[in-house]
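What follows is the residue order along each chain.
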Amino acid sequence: MRPILLQGHERSLTQIKFNNEGDLLFSCSKDHIINVWFSHNGERLGTYDGHNGTVWTIDVDSQSKYLISGSADNTLRLWSVSTGKCLFTWEFPTAVKRVHFSDDDEQVVCITEQRMGHQGAIRVFKINRDGDGTNQSPDPLHMFHPIGSKATVCAFSYTPNIIITGHESGKVALFDVSTGNEILNNERAHMDVVTDMQLSVDASYFITSSKDKTARLHDTKTLKVLKTFPTETPLNSAALSPTRPYVLLGGGQEAMQVTTTSLRQGKFETRFWHKVFEEEVGRVKGHFGPINTIAVHPAGTCYASGGEDGFVRVHHFDDTYYRAKPYGDLEIDD
Amino acid sequence: EDAAEESNVSAELIAHRKRLVDEWNAWRAHCKKAIADEKRTRGQKVNGELHEEEKEEIE
């Protein structure tokens, strides 16, 4: 499993995403740049240049036509994937921390930060897919301010108008975007900031990572915690592997805190855990700093990690990974 | 032979894992049905029930 090293960012990675086919990998960084790479060989296909601050978050639609990005320059941008052109820019009073495309590509949800007299907000925009993509409405379809702990991550659920959120306090919740009402929450989903949230293919369950050093699987309908994966290090990202019953966790202690903590915590490895048995099955080393973001190829054939060290590492699984049956012949549904 | 012996030792663990898998698979089957039902009540097409004029995207 020799990794491909993607060198093209000058500062730490904030989020990486595969497109629906998995042939393209998008990455964004504190260096203000978004890159797109061929996942099979790591060759850079292009960049999306225009943001004037850290790009915190990206998402690509299911057709690989539009890319959406959110940045510390207080803008949300829509890009043409194939030309690299910025098609539309939405401006806000504060930074955009998280974006997510709906399943049907018709909507985008974003979180803007709470800062200096501005409440944190969640907005849903309708994406006009007719024409060249430049004719977008500047006004959101829905907007609300979640009360209580601020939202850090969000995603559309499989029910229209219901979004899933993760919060600074460790809470996960379901919101109705049309009313702004919190429909359901689990205040004690985590004990610290929720840092990442990724959905299963059918969105019926999702995984969260947290600074509380655990990752958890949650039932989307009830928000009940299904599984817990405890580690020794604050986690920044958690991903679900399709086709294999594993979850991938990444994190690591910040460099400034390494000297004050035990040796093991400073290790920057991607941890593989068995999704159902809650047992660690392996670790992959490589990064020289905390792992900030992990994504798994939609077909489960490779995964990528983006680090505080500015590198993206793409690992293609080899035959032994597929043949390995560390737990016998048990068939586990995805 | 060694492997077989080892598996005897951890028979309890194997039974435990089997139970976890059974629980998980039962819950997945329940989820899939619930989602299909919900989509149907909204008049959406369900995966596996593709109509000829419009193919639903495979997620």
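For every chain, the first residue of the written sequence is number 1, and numbering continues from 1 onward in sequence order. For naming, the first written chain is A and the first written ligand is 1, with later ones following in the order written. For a predicted model such as this one, the threshold for reporting local features is a pLDDT of at least 70, and the threshold for listing and counting side-chain atom pairs is 80 or more; totals across whole chains, interfaces and linings nevertheless cover every residue. Values reported for side chains reflect all heavy atoms of the structure, with hydrogen atoms and water molecules removed beforehand.

Identification of chain A as WD40-repeat-containing domain protein from Hygrophoropsis aurantiaca is taken from an unreviewed UniProt entry.

Colleague: Explain the overall build of chain A to me, please; I cannot follow it from the model alone.
Modeller: The helix and strand tally for chain A stands at 2 helices and 28 strands. Atoms counted for the radius of gyration: C-alpha only. Globule rule: 2.2 Å times residue count to the power 0.38. In terms of overall dimensions, chain A is globule-like: its C-alpha atoms have a radius of gyration of 19 Å, near the 20 Å expected for 334 residues. Seen along its three principal axes, the alpha-carbon backbone of chain A occupies a region of about 50 × 45 × 45 Å. The buried label goes to any residue with under 20% of its type's maximum accessible area, the exposed label to any with over 50%, and the partly exposed label to all in between, with areas taken from a 1.4 Å probe on protein chains only. Per-residue burial over chain A gives 59% buried out of 334 residues. Of the contacts made within chain A by residues no fewer than 6 positions apart, 44% connect residues no fewer than 24 positions apart. Note that accessible areas follow from Shrake-Rupley with a 1.4 Å probe, and for residues the cover is restricted to the protein chains shown. Surface summary for chain A: the accessible area is close to 13,500 Å², and the carbon and sulfur share equals 49%. Neither His nor the chain ends contribute to the count of charged residues, in which Lys and Arg are positive and Asp and Glu negative. By convention, the charge on Lys lies at NZ, on Arg at CZ, on Asp at CG and on Glu at CD. Looking at chain A, you have 33 positive and 41 negative side-chain charges, and the mean spots of the two groups are 5 Å apart. Runs of E in the DSSP output that reach at least two residues are strands. Runs of H or I that reach at least four are helices, and both are numbered from the N terminus. Between two residues, a contact is recorded if the distance between any of their heavy atoms is within 4.5 Å.

Colleague: Honestly, the pattern of salt bridges in this entry has me stumped. Any pointers?
Modeller: If the charged atoms of two oppositely charged side chains come close together, the side chains can form a pair. What makes a salt bridge here is a side-chain nitrogen of Lys or Arg within 4 Å of a carboxyl oxygen of Asp or Glu, nothing more. Applying the stated criterion to the full structure yields 22 salt bridges over all chains. Between Asp-22 of chain B and Lys-18 of chain B there is a salt bridge, with its nearest N and O atoms 3.0 Å apart. Linking Asp-22 of chain B with Lys-18 of chain B, this pair stays in helix α2 (residues 11-41), spanning 4 residues, or about one helical turn. Bridged by salt links that share partners, the residues Glu-232, Glu-269, Arg-271, Glu-280 and Arg-283 of chain A form one connected network.

Colleague: Would you take a moment to explain the environment of Arg-42 of chain B for this structure?
Modeller: Topologically, Arg-42 of chain B is positioned in the segment after α2. For the pair Arg-42 of chain B and Arg-28 of chain B, spaced 14 residues apart in sequence, the C-alpha to C-alpha distance is 21 Å.

Colleague: Can you help me understand the interface of chain B and chain A in this one?
Modeller: By a widely used convention, the size of an interface equals the accessible area lost when the partners come together. Counting residues at the interface gives 15 residues for chain B, matched by 24 residues for chain A. Counting across the interface, chain B meets chain A through 3 salt bridges. Three classes are used: nonpolar for Ala, Val, Leu, Ile, Met, Phe, Trp, Tyr, Cys and Pro, charged for Asp, Glu, Lys and Arg, and polar for all others, with Gly counted as polar. Across the side of chain B that touches chain A, the residue classes tally to 6 nonpolar, 1 polar and 8 charged.

Colleague: Would you mind going over the layout of surface pockets with me for this structure?
Modeller: In this approach, a probe sized like a water molecule rolls over the atoms, and the result shows the empty space that is left. Residues and elements named next belong to chain A. A cavity here means a set of 1 Å grid points, computed over protein atoms only, where a 1.4 Å probe fits but cannot escape. A pocket is an open set with protein on both sides within 12 Å along at least 5 of 7 lines, and lining residues have an atom within 4 Å of a point. Grid points are joined across faces, edges and corners, and a volume is the space filled by probe spheres set on the points. Empty space within the second largest pocket amounts to approximately 760 Å³. Considering the residues around the second largest pocket, the lining is formed by 35 residues, among which Thr-14, Trp-56, Lys-97, Thr-195 and Asn-236 are closest to the centre. In terms of residue count, the dominant contributor to the lining of the second largest pocket is strand β18 (residues 194-199) (4 residues). Split into classes, the residues belonging to the lining of the second largest pocket amount to 11 nonpolar, 14 polar and 10 charged.

Colleague: Would you mind going over the sheet that holds strand β5 (residues 44-48) of chain A with me for this structure?
Modeller: In sheet architecture, strand pairing relies on hydrogen bonds along the backbone and comes in two forms, parallel and antiparallel. Residues and elements named next belong to chain A. In space, the 4 strands of this open sheet follow the order β2-β3-β4-β5, with antiparallel pairing throughout. The strands lining the two open edges of the sheet, one partner per strand, are β2 (13-18) and β5. The sheet shows a mean angle of 20° between the axes of neighbouring strands, taken without regard to direction. DSSP bridges decide pairing: two strands pair if at least two such bridges lie between them. Where strand β4 (residues 34-38) meets β5, 4 bridges bridge the pair, whose relative direction is antiparallel. Of the residues in β5, the one forming a bridge with Val-36 is Gly-46. Axis definition: a line fit to C-alpha positions, over the contact stretch in the case of helices; interaxial angles, taken between N-to-C directions, run 0 to 180 degrees.

Colleague: Please explain the pairing of strand β23 (residues 246-251) of chain A as it appears in this structure.
Modeller: Consecutive side chains along a regular strand alternate between the two faces of the sheet. All names here are of chain A. A large share of β23 lies buried, amounting to 6 of its 6 residues. Because side chains alternate across β23, one face comprises the buried residues Tyr-246, Leu-248 and Gly-250, and the other comprises Val-247, Leu-249 and Gly-251, equally buried. Direction of pairing for strand β22 (residues 235-240) relative to β23: antiparallel, over a ladder of 5 bridges. Paired with Ala-238 across the bridge in β23 is Leu-249. Adjacent in sequence and paired antiparallel, β22 and β23 are bridged by 5 residues, among which Thr-243 carries a positive phi angle near 75°. Sheet analysis places β23 next to strand β24 (residues 270-274), joined by 4 bridges and oriented antiparallel. Bridging across to β24, Leu-248 finds its partner in Phe-272.

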